[in-house]
Amino acid sequence: MLGCVSSPSVFMSMASGGEGPSSASHKHTNRLAKERSPYLLQHAHNPVDWYPWGQDAFDKAKTEDKPIFLSVGYSTCHWCHVMERESFEDEEIGKILSENFVCIKLDREERPDVDKVYMTFVQATSGGGGWPMNHGRRPGFKTVLTRIIEQWQNNRSALESSGDRILEALKKGTAITANPGESPPLAPDVANRCFQQLAHSYEEEYGGFRDAPKFPTPVNLMFLMSYWSVNRSTSEGVEALQMALHTLRMMALGGIHDHVAQGFHRYSTDSSWHVPHFEKMLYDQAQLAVAYITASQVSGEQFFADVAKDILLYVSRDLNDKSGGFYSAEDADSVPASGGPEKREGAFCVWTASEVRELLPDVVEGATGSATLADIFMHHYGVKEQGNVAPEQDPHRELQGQNVLIVRYSVELTAAHFGISVEKVNELLASARGKMAEVRKSRPRPHLDTKMLASWNGLMLSAYARVGAVVGDKALLERAVQAGNFLKEHLWDAERQTILRSCYRGDQMEVSPPISGFLDDYAFIICGLLDLYEATLQTEWLQWAEELQLRQDVLLWDDQGAGYFCSDPSDSTVLLQLKEDQDGAEPSANSVSAFNLQRLSHYTGRQDWLQKSQQLLTAFSDRLNKVPIALPEMVRSLMAQHYTLKQVILTPTQTLIDNNEYAFNHQRDFLCCVHSSFVVMLTDGTAEGFLCQRLPVLSSMSQLGGVATAYVCQDFTCSLPVTDPQELRRLLLHGTTDMPTE
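Residues numbered from 1 in each chain as written. Predicted model: local features only at pLDDT ≥ 70, side-chain atom pairs only at ≥ 80, totals over all residues. Heavy atoms only, no water.

## Details of the overall build of the protein
Our working definition: Helix and strand assignments follow DSSP, with helices taken as H or I runs no shorter than four residues and strands as E runs no shorter than two, numbered in order from the N terminus. Note on exposure labels: buried denotes an accessible area under 20% of the residue type's maximum, exposed denotes more than 50%, and partly exposed covers the range between, all computed with a 1.4 Å probe on protein chains only. Residues are treated as being in contact if the distance between any of their heavy atoms lies within 4.5 Å. What sets the accessible areas is the Shrake-Rupley method with a 1.4 Å probe; for residues, cover comes only from the shown protein chains.
The helix and strand tally for the protein stands at 28 helices and 19 strands. Taking all 742 residues of the protein together, the buried fraction comes to 58%. When contacts within the protein are restricted to residue pairs at least 6 apart in sequence, those whose partners lie at least 24 apart make up 70%. Carbon and sulfur atoms form 49% of the exposed surface of the protein, whose accessible area is close to 29700 Å².

## A look at the sheet that holds strand β11 (residues 448-449)
Put simply, the rule reads: For two strands to be treated as a pair, DSSP must find no fewer than two bridges joining them.
Judged by pairing direction, the sheet is antiparallel, and its three strands sit side by side in the order β7-β8-β11 without closing on themselves. Two strands lie at the open edges of the sheet, namely β7 (280-281) and β11, each paired on one side alone. As paired strands, β7 and strand β8 (residues 329-330) are joined by two bridges and run antiparallel to one another. Across the sheet, the residue bridging to lysine 280 is glutamate 330, located in β8.

## Some points on empty space enclosed by the protein
Selection criterion: Cavity: a set of points on a 1 Å grid over the protein atoms alone where a 1.4 Å probe fits but cannot get out. Pocket: an open set with protein on both sides within 12 Å along at least five of seven lines, its lining residues, like those of a cavity, having an atom within 4 Å of a point. Grid points are joined across faces, edges and corners, and a volume is the space filled by probe spheres set on the points. The residue classification treats Ala, Val, Leu, Ile, Met, Phe, Trp, Tyr, Cys and Pro as nonpolar and Asp, Glu, Lys and Arg as charged. All others, Gly included, are polar.
In the structure shown here, the tally under the stated rule is seven cavities of 30 Å³ or more. In this structure, the second largest cavity spans a volume of roughly 90 Å³. Lining the second largest cavity are 14 residues, and of these Asp258, His259, Cys349, Val404 and Leu405 lie nearest its centre. A per-class count over the lining of the second largest cavity returns seven nonpolar, five polar and two charged.

## A short note on the layout of surface pockets
Considered as a void within the structure, the second largest pocket measures approximately 920 Å³ in volume. As for the second largest pocket, its lining consists of 38 residues, of which Trp53, Arg111, Pro513, Pro514 and Ile515 are closest to the centre. If one sorts the elements of the lining of the second largest pocket by residue count, helix α2 (residues 55-64) sits on top with four residues. Split into classes, the residues belonging to the lining of the second largest pocket amount to 15 nonpolar, nine polar and 14 charged.

## Side note on helix α6 (residues 141-154)
Here is the rule: Helix span, as expected, comes to 1.5 Å for every residue beyond the first. Here, the arc refers to the directions that run from the helix axis to the C-beta atoms.
In this model, α6 (14 residues) spans 20 Å end to end at C-alpha, consistent with the 20 Å of a helix rising 1.5 Å per residue. Restricting attention to buried positions, one finds in α6 the residues Phe141, Val144, Leu145, Ile148, Ile149 and Trp152. The buried residues of α6 occupy an angular sector of 135° when projected down its axis, which confines them to one face. In α6, the exposed residues that point more than 90 degrees away from the buried face are Gln153 and Asn154.

## Points about helix α4 (residues 91-100)
We count it as follows: Within 3.5 Å is the distance limit for a polar contact, defined as a pair of N or O atoms, with the added protein rule that one can donate a hydrogen and the other accept it, and that residues adjacent in sequence qualify only through two side-chain atoms.
Here α4 has its buried residues at Ile93, Gly94, Ile96 and Leu97. All buried residues of α4 fall inside an arc of 165° around its axis, so they share one side. On its buried side, α4 packs onto β3 (68-73), α3 (78-88), β4 (102-107) and α6. Of the residues flanking the start of α4, the one acting as N-cap is aspartate 90, its side-chain oxygen 3.0 Å from the backbone nitrogen of glutamate 92.

## Describing the pairing of strand β18 (residues 709-714)
Of all six residues in β18, five are buried; the element is thus mostly enclosed. Note: β18 against strand β19 (residues 717-718), two bridges, orientation antiparallel. Each bridged residue has a counterpart across the sheet, and for glutamine 714 the counterpart in β19 is threonine 717. Linking β18 back to β19 in an antiparallel pair, the connection comprises two residues, with aspartate 715 at a positive phi of about 50°.

## A word on the packing of aromatic side chains
Note the following rule: In this scheme Phe, Tyr and Trp rings, the latter by its six-membered ring, pair at centre separations within 6.5 Å, and the angle between planes marks the pair as stacked below 30 degrees, edge-to-face above 60, and tilted otherwise.
Under the counting rule described, the total for this entry stands at 20 aromatic pairs. For the pair phenylalanine 215 and tyrosine 267, a centre-to-centre distance of 4.6 Å together with 35° between the ring planes defines the contact as tilted. On the criterion of sequence distance, the pair formed by phenylalanine 215 in the loop between α8 (187-201) and α9 (218-230) and tyrosine 267 in strand β5 (residues 267-268) is long-range, its members being 52 residues apart. The class for tyrosine 267 is buried, based on a relative accessible area of 18%. A centroid spacing of 5.7 Å and a plane angle of 40° characterise the contact between phenylalanine 223 and tyrosine 227, whose relative ring orientation is tilted. One end of the pair, phenylalanine 223, and the other, tyrosine 227, are both in helix α9, four residues apart, so they sit about a helical turn from each other.

## So, the packing of α4 against α6
What counts is decided by this rule: Fitted lines through C-alpha atoms serve as axes, helices being fitted only where they are in contact, and the angles separating the N-to-C directions of these axes extend from 0 to 180 degrees. Any angle between 65 and 115 degrees counts as roughly perpendicular, while under 35 counts as roughly parallel, over 145 as roughly antiparallel, and the rest as oblique. Each crossing gets its handedness from the near helix: less than a right angle anticlockwise from the far helix is left-handed, clockwise is right-handed.
Look at α4 against α6: their axes get within 11 Å of each other, and the N-to-C directions meet at 20°. Comparing their axes, α6 and α4 come out roughly parallel. The element α4 and its partner α6 pack so that their crossing is left-handed. Mapping the contact onto sequence places Glu92, Ile93, Ile96, Leu97 and Asn100 in α4 and Phe141, Lys142, Leu145 and Ile149 in α6. Residue composition of the contact of α4 with α6, grouped by class: six nonpolar, one polar and two charged.

## Notes on the side chain of histidine 380
Its location among the elements puts histidine 380 in helix α14 (residues 373-380). Overall, histidine 380 belongs to the buried group, its relative accessible area being 3%.

## What about the pairing of β4?
Strand residues, when the strand is regular, have side chains that alternate between the two faces of the sheet. Across the six residues that make up β4, a large majority, six, are buried. By the bridge criterion, six bridges tie β3 to β4 in an arrangement that is parallel. The partner of serine 71 across the bridge, within β4, is lysine 105.

## Comments concerning the environment of valine 383
Mapped onto the secondary structure, valine 383 falls in the loop between α14 and α15 (411-418). Residue valine 383 is classed as buried on the basis of its relative accessible area, which comes to 9%. When the C-alpha atoms of valine 383 and alanine 353 are compared, they prove to be 6.4 Å apart, with 30 residues separating the residues in sequence. Excluding residues within four positions of it along the chain, valine 383 makes contact with Ala353, Val356, Met378, Asn403 and Leu405.

Okay, structure coming up:
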């Protein structure tokens, strides 16, 4: 999609990207060769005179009186690669662009603020914003460029006038404000409406919320589990939990889950979670790990905890940087193991039946019909001789004869089919997956985007902290602490008191000039730090979270209308000051901030943060009332405010602070019981402590019998103290320490 969006005029392409030629000699090299972004580097050898986003490009456009052609994308985007091959590698198109426009390439992950402005325009004028935007029945790319040039030369004033009118309309249409005297909407009503809207779009057979394509949408699943937690005795509450658990289970069994090398792909192209778009994004891994570990807490099922650990195994192995940070993504496309110059989607992940038979030829002792390991594996994971991908799921014929692994039978059914024990089947399948993982290592790998983003690293910090605390895994908690240290060392400018958006792998990690952080960077890091504090009970993380919230308030709070702007409102190069009003692939940073403010208010006793959260929720009242399904994470924040977060206050022994093995295990057992509806805090009973200074009531809480003790409180009105983790679990789930009747 191309369109005139403003004056000075900007014309835009939203789908672009790809891998540059692999040879050392290039016919063309442009100024993007000096950039750090993998996405910009992919376009360094296009026959287009690309500029990065910045003042040099803007000055050139003014000096030469040319419109700007803005191309937005990211390095692991499949459709971006398609557009590069079809358009930006074409010599004729490169000549048209370079002679008539000032061409700017933008990595949307580095500058989400700019991307949001132009995506808002596209959605407002075309009714959608999905990629690719200049395919199908739309005019050819060259035709569109020619028409724009003609309009620029012959109809300039009308174009500029149109741009001004559109900009004004967008400013009015995107305004989100709280009127004086208003209150947030009623949480139970909004939550019920959100549940009903999700139930209406729920797909019962395989879970999820549409037929196809089907996205994981962790924000929906977290809402449903929170909805259940305050509606446990109602049929709606039971249904909400069933919807969340069934969706999580079917995703884990499906092809969207990488059964050989762990982690989750971006989305499923079909309704049964079978054939994915094979890209792997850090933000998906982070949110899904939290969703699965939360599911394990509310259901008590080990299966969900195992999936959460499986995700973090993938991230630790394949998206891990030695600095403590995490890389952004792995591409969907790679060169097939059989060779050839053309990359194909999924080539790294799929299997032919003959490959599986060749790799797993051994006859399994005691199995019916002298079955081989391949027979058992192929039966369990739906591998077919002719391939298991339907033609309609493979429009480019890249997966012909290939198999995407999907669990077709329970382990019990597979065991019965081959006449062997369940334990034996588990052992055989694990062995087979291990052998296949070794083969995968020898295949050409997909492109890895080694950009480390503050916001996504904040999400991942939450994942390691939450999962590590629940399963009691010291290594995961240590990795969470590493991630916290990485954020402070590499993405925090202590001198300017500013979060930085990104850095890169290598000896020179920082970006120059640095990109200042956006709202999601602050909000997601603060949330991660609060989760890290609750997992480790080390007050340095709580302290930093408090400092960052104060900076977020100064830099991004809207004093007139309430809520937070996505980016610095003083940046004149960004034409719209937006407040993100949708929880999508990532939660809206305003949704997360509403929750952060409530949690921090409980930790610090600051009532102004509770009031800020209320003002924020009031600003989004219209959206929350009409389409709460668009903001399920914000509905959770509204529910937390209405039902009031409970505090779980731990009073440890001195050995717990010293962190010996027994104390760690006891603390772990307490933390395993607590999920996201509660605020966890540690008091050492001295008035000098960080929390006791802010909340003097804590200094009066003491241990029972010299062992770690927990108090469950609401507004610091507390239950009787408990020393048994199982008593704490019953207290949190049922409001009593009595054993529930069956």
